[in-house]
Amino acid sequence: MTIRELLNQGIIMLKNEKIDSPKTKARLILESTLNKSREYLIIYDKNEVTSAQRDNYIKKIKRVILGEPVQYITGLQEFMKLNFFVTKDVLIPRQDTEVLVEEVIKIAKDIPNPVILDLCTGSGAIAVSLAKYIPNSKIYGIDISEKALEVAKKNAEFNGVKNSIEFRVSDLFNKIRNQKFDIIVSNPPYIRSNVINNLPKQVQNEPHLALDGGEDGLKFYKKIIEQSCNYIENGYLILEIGYDQKEDVENLLKENKNYSEIKTIQDFSGNDRCTIAKVGKI
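Note that the coordinates shown come from a computational prediction; the quantities given were computed from them, not determined experimentally. Here the residue numbers are simple positions, counted from 1 along each chain's written sequence. The model is predicted, so local features are restricted to residues of pLDDT at least 70 and side-chain atom pairs to those at 80 or more, both for listing and for counting; the totals for chains, interfaces and linings are taken over all residues. Processing note: side-chain calculations cover all non-hydrogen atoms of the structure and skip hydrogens and water entirely.

A word on the side chain of glutamate 250
- Helix and strand labels come from DSSP, where a helix needs a run of H or I of at least four residues and a strand needs a run of E of at least two; each type is numbered from the N terminus. Here glutamate 250 shows up in helix α11 (residues 246–256).
- Buried and unpaired, glutamate 250 has lysine 254 as its nearest opposite-charge partner, separated by 4.2 Å.
- Non-local contacts of glutamate 250, meaning those with residues more than four positions away in its chain, are made with Ile262, Lys263, Thr264 and Thr275. The cut-offs for exposure are 20% and 50% of the maximum accessible area for each residue type, with area from a 1.4 Å probe on protein chains only; residues under the lower value are buried, those over the upper are exposed, and the others partly exposed. In this tally Asp and Glu are treated as negative and Lys and Arg as positive; neither His nor the chain ends contributes. A side-chain nitrogen of Lys or Arg and a carboxyl oxygen of Asp or Glu constitute a salt bridge if their distance falls within 4 Å. Every residue pair with non-hydrogen atoms within 4.5 Å of one another is taken to be in contact.

Some thoughts on helix α1 (residues 3–16)
- Each residue after the first adds 1.5 Å to the expected span of a helix. If you check α1, its first and last C-alpha atoms are 20 Å apart, about what 14 residues at 1.5 Å a residue would give, namely 20 Å.
- Listed in full, the buried residues belonging to α1 are Ile3, Leu6, Leu7, Gly10, Ile11, Met13 and Leu14. Take α1 and look down its axis: the buried residues cluster within an arc of 160 degrees, on one side only.
- The secondary structure elements touched by the buried residues of α1 are α2 (22–34), α3 (38–43) and α4 (51–65).
- Once α1 ends, the next one or two residues include lysine 18, with phi positive near 60 degrees. This arc is taken over the directions from the axis of the helix to the C-beta atoms.

A word on the nonpolar core
- Nonpolar core, defined: a set of buried Ala, Val, Leu, Ile, Met, Phe, Trp, Tyr and Cys residues in which side-chain atoms within 4.5 Å join the residues together. Residues Val104, Ile116, Leu130, Ile165, Ile183, Val185 and Ile238 are the most contacted members of the largest nonpolar core, which totals 34 residues.
- Those elements that provide at least two residues to this core are β2 (82–85), α6 (97–108), α7 (125–133), α8 (146–158), β5 (165–169), β6 (183–186), β7 (235–240) and β9 (272–279).
- Residue contributions to this core peak at seven residues, all from α6.
- If near-sequence neighbours (up to four positions away) are discounted, isoleucine 238 is found in contact with Leu100, Val104, Ile107, Ile183, Ile184, Val185, Ser186, Cys274, Thr275 and Ile276.
- Counting 27 residues, the second largest nonpolar core, distinct from the first, contains Leu117, Leu119, Ile224 and Val279.

Details of the pattern of salt bridges
- Following the criterion strictly, the structure yields 15 salt bridges and no others.
- With a closest N to O distance of 3.6 Å, aspartate 96 and arginine 273 form a salt bridge. Of the two residues, aspartate 96 sits in the loop between β2 and α6 while arginine 273 sits in strand β9, which places them 177 residues apart along the sequence.
- Classification of arginine 273 by relative accessible area gives buried; the value is 8%.
- One salt bridge connects arginine 273 with glutamate 240, and the closest N-O pair in it is separated by 3.7 Å. Separated by 33 residues along the polypeptide, arginine 273 in strand β9 and glutamate 240 in strand β7 bring together distant segments of the chain. You'll find arginine 273 and glutamate 240 in the same group, each marked buried.
- Each of Asp96, Glu240, Asp267 and Arg273 takes part in one network of salt bridges that share partners.

Next comes the structure, spelled out in structure tokens:
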């Protein structure tokens, strides 16, 4: 069997089970199985695969059909034009979150040697991207999960920014003492608890710790907004939000009185995605 034939078999299997984006997913799985690039698959599509490679590929395709995210099977996800390792211990970085990172980068350009705190860092996608694209920055990545931080540290080293980031195990601000930050950024869990079981199978297979935002989805926003102003003297709080949470999150910021110039940015699909607020005189 050739590379092309095996790829087509994977596509057909996914199509038959009505899996979305079957061509892309079948290709990514094959790249991972053969440890070859997309270009290689195109140029050498008539090369023969071994029976072991075929069997391994089909097993992985079946895992996709059962609802396992492709990224957990390949162990990789691209974000901000960088490659990140992902495991079942971390949320898979989404393209929509790039909007959040880009807003932080824009704001940080006007701050000399910015000190930035990334709460709920997970895979480290946000922290690593900021360290990569903001020269002379100091980034702190916080997460309650030690396993998640192991992945984040690996990603920092892989992308050449481990010396620019300090990772800490902490339940939000619990282990932060007498520090001030120019920017606090967070993509916290924000899915309502009773909605998680209705999400697509692939999402349900991601860590619930990184998804569950409590009964109203606002559990972590309330804590972060209440406490962040104690750790920002003159700076910004930047939060990723769910598509329907703009009004709730903006109201929480307005009620606090420590925040001003509150605004929300939309993502590439036109959904509300990122809420920004100033703290102090800037």
